[in-house]
Amino acid sequence: MKGFTLLELMIVVVMIAVIAAITIPSYQNYSRKNNEKLALQKVQQVALQLENEKARNFSYAGFALDTKDRASGNGRYSISFVATEFQWTVYACVNSTLSDKAKYQHFALTDRGRECAIGGSSACPWTCS
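Residues numbered from 1 in each chain as written. Predicted model: local features only at pLDDT ≥ 70, side-chain atom pairs only at ≥ 80, totals over all residues. Heavy atoms only, no water.

### Here's the deal with the packing of aromatic side chains
A ring pair, where both rings are aromatic, is described by two values, the distance of the centres and the angle of the planes. By the definition in use, this model includes four aromatic pairs. Arranged with centres 5.1 Å apart and planes meeting at 70°, the rings of Phe63 and Phe81 form a pair that is edge-to-face. You can see Phe63 sitting in the loop between helix 1 (6-57) and strand 1 (71-72) and its partner Phe81 sitting in strand 2 (residues 77-83), a full 18 residues away along the chain. For Phe81, a relative accessible area of 23% corresponds to the partly exposed category. Centroid distance Tyr77 to Phe107: 6.1 Å. Interplanar angle 35°. Geometry classified as tilted. Here Phe107 lies in strand 4 (residues 105-110) and Tyr77 lies in strand 2, a separation of 30 residues in the sequence. In terms of burial, Tyr77 and Phe107 fall into one category: buried. An aromatic cluster is defined as three or more aromatic residues linked by ring pairs; in this entry it consists of Tyr77, Tyr104 and Phe107. (Phe/Tyr/Trp six-rings, centres within 6.5 Å; stacked < 30°, edge-to-face > 60°. Helix = DSSP H or I, 4+ residues; strand = E, 2+ residues; numbered from the N terminus. Buried < 20%, exposed > 50% of the residue type's maximum accessible area, 1.4 Å probe, protein only.)

Printed below as a string of structure tokens:
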């Protein structure tokens, strides 16, 4: 008779389970890091827009964020900013509805070039001085 025994099939299933147990967390970590990089990129882009606003109007006060610039990282981050006449801070806050939000980080960038990160389970925005 040709075919596989139950033992051979069980060994194959166990091998597939071991491979999946190794690769799935690795992929999730890669995906999270990619979303964080996208959020940081969007923060830098908004910071550049703020500096362009100051170059045109000598103040950050009139800056308004476009609707397309309010989200990043496949909806995992919301982008916001606080701007006064001469200072600004841009925030990338983790979406509070994510089940794994504690694994992500919030990010901030100030007009002085200071970059901050804080765990996703904390409140956002926060002071980044």
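Next comes the rest of the description.
### Quick notes on the sheet that holds strand 1
The antiparallel open sheet is built from five strands, whose spatial order is 1-2-3-4-5. Unpaired on one side and paired on the other, strand 1 and strand 5 (115-119) mark the two borders of the sheet. Pairing of strand 4 with strand 5, which is carried by five bridges, proceeds in the antiparallel orientation. Among the inter-strand pairings, Gln105 is bridged to a residue of strand 5, identified as Gly119. Running over the sheet, helix 1 touches strand 1, strand 2, strand 3 (88-94), strand 4 and strand 5 and is turned about 155° from strand 3. (Pairing = 2+ DSSP bridges. Contact = heavy atoms within 4.5 Å. Axes fitted to C-alpha atoms, helices over the stretch in contact; angles between N-to-C directions.)

### Overview of the pairing of strand 2
Strand direction decides the pairing type here: strand 1 and strand 2, joined by two bridges, are antiparallel. Note that in strand 2 the partner of Ser72 across the bridge is Tyr77. Count of turn residues in the strand 1/strand 2 antiparallel hairpin: four residues, of which Gly73 carries a positive phi of about 65°. Looking at chain direction, strand 2 and strand 3 are connected through seven bridges and run antiparallel. Directly across from Val82, in strand 3, lies its bridge partner Thr89. Count of turn residues in the strand 2/strand 3 antiparallel hairpin: four residues.

### Some words on a nonpolar patch on the surface
Taken together, the side chains of Leu7, Ile11 and Met15 make up a nonpolar region of the molecular surface, amounting to roughly 320 Å² of accessible area. Look at Ile11 and you get partly exposed, because its relative accessible area is 46%. (Patch = residues over 30% accessible without salt bridge, like charges linked within 9 Å, V, L, I, M, F, W, Y side chains within 5 Å. Areas by Shrake-Rupley, 256 points an atom, 1.4 Å probe, with all protein chains shown as cover. Salt bridge = Lys/Arg side-chain N within 4 Å of Asp/Glu carboxyl O.)

### Details of the pattern of salt bridges
Summed over the entire model, instances satisfying the criterion amount to two salt bridges. Arg32 is the salt-bridge partner of Glu36, the closest N and O atoms lying 3.4 Å from each other. Here Glu36 pairs with Arg32, and both are found in helix 1, just four residues apart, close to one helical turn. The class for Glu36 is buried, based on a relative accessible area of 8%. A relative accessible area of 16% places Arg32 in the buried class. The residue Arg56 makes a salt bridge to Glu53 at a minimum N-O spacing of 3.3 Å.

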